[in-house]
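So the chains spell out like this:
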Amino acid sequence: MSGPQCCENPPTLNPVSGSGNVEKLGGLDAYVSGSPDSKLCAILVSDVFGYEAPNLRALADKVAASGFYVVVPDYFCGDPYDPSNQERPIQVWIKDHGCDKGFEETKPLLEAIKNKGITAIGAAGMCWGAKVVVELSKVELIQAAVLLHPSFVTVDDIKDVKAPIAILGAEIDKLSPPALVKQFEEILASKPEIL
């Protein structure tokens with residue numbers, strides 16, 4: 001779960017950062033970058049700070065430069081976590097922005113992306129977003145997944161994934177420590193059908 005160490009150094013959000021643009025996709029505002037004529041899409045699912053984080057948008061632009069149509073959805077509808085708001089700590093904020101809600105909101109987003117002629121969709125989730133991506137992988141709504149600091153993901157989640165998945169953990173991470181990431185790797189190694 002997102003905790004204090006995740007939130008100690010929040011980004012300075014900037015709604016105009018990046019070389020892409022914001023448009024409505026599947027009912028959500030989304031930062032999009034890359035050619036809409038691409039047949040390949042990468043969805044970047046943010047951490048609790050949301051889709052206006054400049055480094056996230058820079059990553060989207062870099063992936064787009066490799067030929068992908070990249071979508072960074074605003075799952076928080078303009079309400080990213082604000083660690084300076086003492087009246088709404090992360091434990092309270094997360095009740096309004098559960099990963100299950102993000103998963104459900106992705107379904108119409110995927111339909112909108114497919115309606116653009118996209119034939120393959122992968123997703124990368126950071127922290128909060130990793131759980132959303134794992135849920136998409138469990139029901140084969142995406143063809144590939146990447147998890148970065150997967151703070152809400154459990155061993156049981158990994159047992160149910162059905163798409164090829166890469167997990168990027170950190171050496172020092174209290175929420176998804178190396179021992180847990182190692183368990184994830186062992187489970188995935190026993191599932192050759194998704195490698």
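Not measured: the values here are computed from a predicted model.

## Brief notes about the sheet that holds strand E3 (residues 40–45)
Then, in step 1: With mixed pairing, the seven strands of this open sheet are ordered in space as E1-E2-E4-E3-E5-E6-E7. A single partner strand is all that each edge strand has here, and the edge strands are strand E1 (21–25) and strand E7 (165–168). If you compare each strand with its neighbour and ignore which way they point, the axes differ by 25 degrees on average.
Then, in step 2: When E3 meets strand E5 (residues 120–126), the two strands line up parallel, connected through six bridges. Within the sheet, the bridge partner assigned to Leu40 lies in E5 and is Ala120.
Then, in step 3: The strands touched by helix H4 (residues 99–114) within the sheet are E1, strand E2 (28–33), E3, strand E4 (69–73) and E5, with E3 carrying the most contacts at an inclination of about 155 degrees.

## Regarding the packing of aromatic side chains
Then, in step 1: Taken as a whole and judged by the stated rule, the model has five aromatic pairs.
Then, in step 2: Between Phe76 and Trp93, the aromatic rings sit 4.8 Å apart at their centres with planes inclined by 70 degrees, giving edge-to-face as the arrangement. On the criterion of sequence distance, the pair formed by Phe76 in the loop between E4 and helix H3 (90–96) and Trp93 in helix H3 is long-range, its members being 17 residues apart.
Then, in step 3: For Trp93, a relative accessible area of 1% puts it in the buried group.
Then, in step 4: Residue placement shows Arg57 over the ring face of Tyr51; its charged tip is 5.0 Å from the ring centre.

## Section: helix H7 (residues 178–189)
Then, in step 1: Its twelve residues place the ends of H7 16 Å apart at the C-alpha level, agreeing with the 16 Å of an ideal helix rising 1.5 Å per residue.
Then, in step 2: Listed in full, the buried residues belonging to H7 are Leu180, Val181, Phe184, Ile187 and Leu188. Taken end-on, H7 shows its buried residues confined to a sector of 115 degrees, consistent with a single buried face. Exposed side of H7, more than 90 degrees from the buried face: Ala179 and Ala189 are the residues found there.
Then, in step 3: The inward-facing, buried residues of H7 contact helix H6 (155–159) and E7.

## Brief notes about the UniProt feature "domain: Dienelactone hydrolase" (unreviewed entry) in the protein
Then, in step 1: The sites that UniProt annotates as "domain: Dienelactone hydrolase" (unreviewed entry) are residues 28–189.
Then, in step 2: Between the C-alpha atoms that bound residues 28–189 there is a distance of 36 Å. The span itself is 38% helix and 20% strand.

## Remarks on the nonpolar core
Then, in step 1: Counting residues in each nonpolar core, the largest one holds 48 residues, and the members touching the most others are Ile43, Val71, Trp128, Leu147 and Ile158.
Then, in step 2: Ranked by size, the runner-up nonpolar core spans twelve residues in total, among them Tyr51, Ala53, Val72 and Ala124.

## Side note on the pattern of salt bridges
When their charged atoms lie close together, side chains carrying opposite charge are able to pair.
Then, in step 1: For the structure shown, the criterion picks out ten salt bridges.
Then, in step 2: With its nearest N and O atoms 3.6 Å apart, the salt bridge here joins Glu23 to Lys116. Residue Glu23 is found in strand E1, and its partner Lys116 is found in the loop between H4 and E5; the two are separated by 93 residues along the sequence.
Then, in step 3: You can call Glu23 partly exposed: its relative accessible area is 25%.
Then, in step 4: When the shortest N-O distance is used, the salt bridge between Glu135 and Lys138 registers 3.0 Å.

The rules behind each value
Residues numbered from 1 in each chain as written. Predicted model: local features only at pLDDT ≥ 70, side-chain atom pairs only at ≥ 80, totals over all residues. Heavy atoms only, no water. Pairing = 2+ DSSP bridges. Helix = DSSP H or I, 4+ residues; strand = E, 2+ residues; numbered from the N terminus. Axes fitted to C-alpha atoms, helices over the stretch in contact; angles between N-to-C directions. Contact = heavy atoms within 4.5 Å. Phe/Tyr/Trp six-rings, centres within 6.5 Å; stacked < 30°, edge-to-face > 60°. Buried < 20%, exposed > 50% of the residue type's maximum accessible area, 1.4 Å probe, protein only. Lys NZ or Arg CZ within 6 Å of the ring centre and 35° of its normal. Expected span 1.5 Å × (residues − 1). Arc of directions from axis to C-beta. UniProt positions renumbered as here; feature names shortened; annotations may be inferred. Core = buried A, V, L, I, M, F, W, Y, C linked by side-chain atoms within 4.5 Å. Salt bridge = Lys/Arg side-chain N within 4 Å of Asp/Glu carboxyl O.

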